[in-house]
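A closer look at the structure
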Amino acid sequence: MRKLKLEGRKTEKEIKAEKEPEMKLGVVESRFADIIWSHEPIASGELAKLCEEKLTWKRTTTYNVLRKLCDKGIFQNQNGSVSALISRQEFYAAQGEAIVEEAFDGSLPAFIAAFTKRKALTAEEIAEIRQMIDSAGE
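The paragraphs below set out a description of the structure included in this document. (Residues numbered from 1 in each chain as written. Predicted model: local features only at pLDDT ≥ 70, side-chain atom pairs only at ≥ 80, totals over all residues. Heavy atoms only, no water.)

**A word on the overall build of the protein**
- Helix and strand counts for the protein come out as 7 helices and 3 strands.
- Counting the 138 residues in the protein, one finds 22% classified as buried.
- Restricting to contacts in the protein with at least 6 residues of sequence separation, those with at least 24 account for 53%. (Helix = DSSP H or I, 4+ residues; strand = E, 2+ residues; numbered from the N terminus. Buried < 20%, exposed > 50% of the residue type's maximum accessible area, 1.4 Å probe, protein only. Contact = heavy atoms within 4.5 Å.)

**Here we look at the layout of surface pockets**
- Here the second largest pocket is characterised by a volume of approximately 420 Å³.
- Lining the second largest pocket we find 13 residues, and of these Leu 108, Phe 111, Ile 112, Ile 129 and Met 132 sit closest to its centre.
- Of all the secondary-structure elements, those providing two or more residues to the lining of the second largest pocket are helix 5 (88-103), helix 6 (108-118) and helix 7 (123-136).
- When residues in the lining of the second largest pocket are grouped by element, the largest group, 5 residues, is from helix 7.
- Counted by class, the lining of the second largest pocket contains 9 nonpolar, 1 polar and 3 charged residues. (1 Å grid on protein atoms, 1.4 Å probe; cavity = no way out; pocket = protein on both sides within 12 Å on 5 of 7 lines; lining within 4 Å. Points joined across faces, edges and corners; volume = space filled by probe spheres on them. Nonpolar A, V, L, I, M, F, W, Y, C, P; charged D, E, K, R; others polar.)

**Describing the sheet that holds strand 1 (residues 42-43)**
- The strand order 1-3-2 describes an open sheet built from 3 strands, whose pairing is antiparallel. The open sheet has two free edges, formed respectively by strand 1 and strand 2 (75-78), since each of these has just one partner strand.
- Examined bridge by bridge, strand 1 and strand 3 (residues 81-84) share 2 bridges and lie antiparallel to one another. Paired with Ile 42 across the bridge in strand 3 is Val 82.
- Contacts between helix 2 (residues 27-39) and the sheet are confined to strand 1, strand 2 and strand 3, with strand 2 contributing the most and set at about 60° to the helix.
- The strands touched by helix 4 (residues 59-71) within the sheet are strand 2 and strand 3, with strand 2 carrying the most contacts at an inclination of about 115°. (Pairing = 2+ DSSP bridges. Axes fitted to C-alpha atoms, helices over the stretch in contact; angles between N-to-C directions.)

**Considering the pairing of strand 2**
- Bridge analysis of strand 2 against strand 3 gives 4 bridges, and the strand direction is antiparallel. By the bridge assignment for strand 3, Gln 78 is matched with Ser 81.
- Here strand 2 hands over to strand 3 after 2 residues, with Asn 79 in that stretch at a positive phi of 55°.

**Quick look at the nonpolar core**
- With 21 residues, the main nonpolar core has Phe 32, Leu 47 and Phe 75 as its most contacted residues.
- Looking at this core, the elements that each hand over two or more residues are helix 2, helix 3 (44-55), helix 4 and strand 3.
- Take this core: its biggest share by element is 5 residues, from helix 2.
- In this structure, Phe 32 is in contact with Leu 47, Cys 51, Leu 55, Trp 57, Thr 62, Val 65, Leu 66 and Leu 69, ignoring residues within four places of it in sequence. (Core = buried A, V, L, I, M, F, W, Y, C linked by side-chain atoms within 4.5 Å.)

**Quick notes on the side chain of Ser 83**
- Here Ser 83 shows up in strand 3.
- Owing to a relative accessible area of 15%, Ser 83 belongs among the buried residues under this scheme.
- When residues no more than four places from it in sequence are discounted, the contact partners of Ser 83 are Glu 40, Pro 41, Phe 75 and Gln 76.

Below you can see the structure in the form of structure tokens.
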């Protein structure tokens, strides 16, 4: 069921998006973020050296991408020390939530139904999911 947007008024989704950091990263940005999460807190100069080794980036590229991810609210660079504002786990959880919200209208059962139509779950996976559901209900 779609809600019509009244001119000049923001939807609940738009209001929510303004309050949360942007949780979409490209492939290269994700690799960069993983470097930070694996080494944080890390001096920005050391980060530039790591990115030169692992991504073949120049120092300016590292600082530009770092600034972009700081602006998104994922990392911070305080006095040359780079650290995360959200953990890797929180970031990927938020990405998963966004997929469920956008593609399945926020319905986790619809997401699971679509997922299991394409990939059979093992008995171990089913047991793990049941355990998660049982503990979430407590």
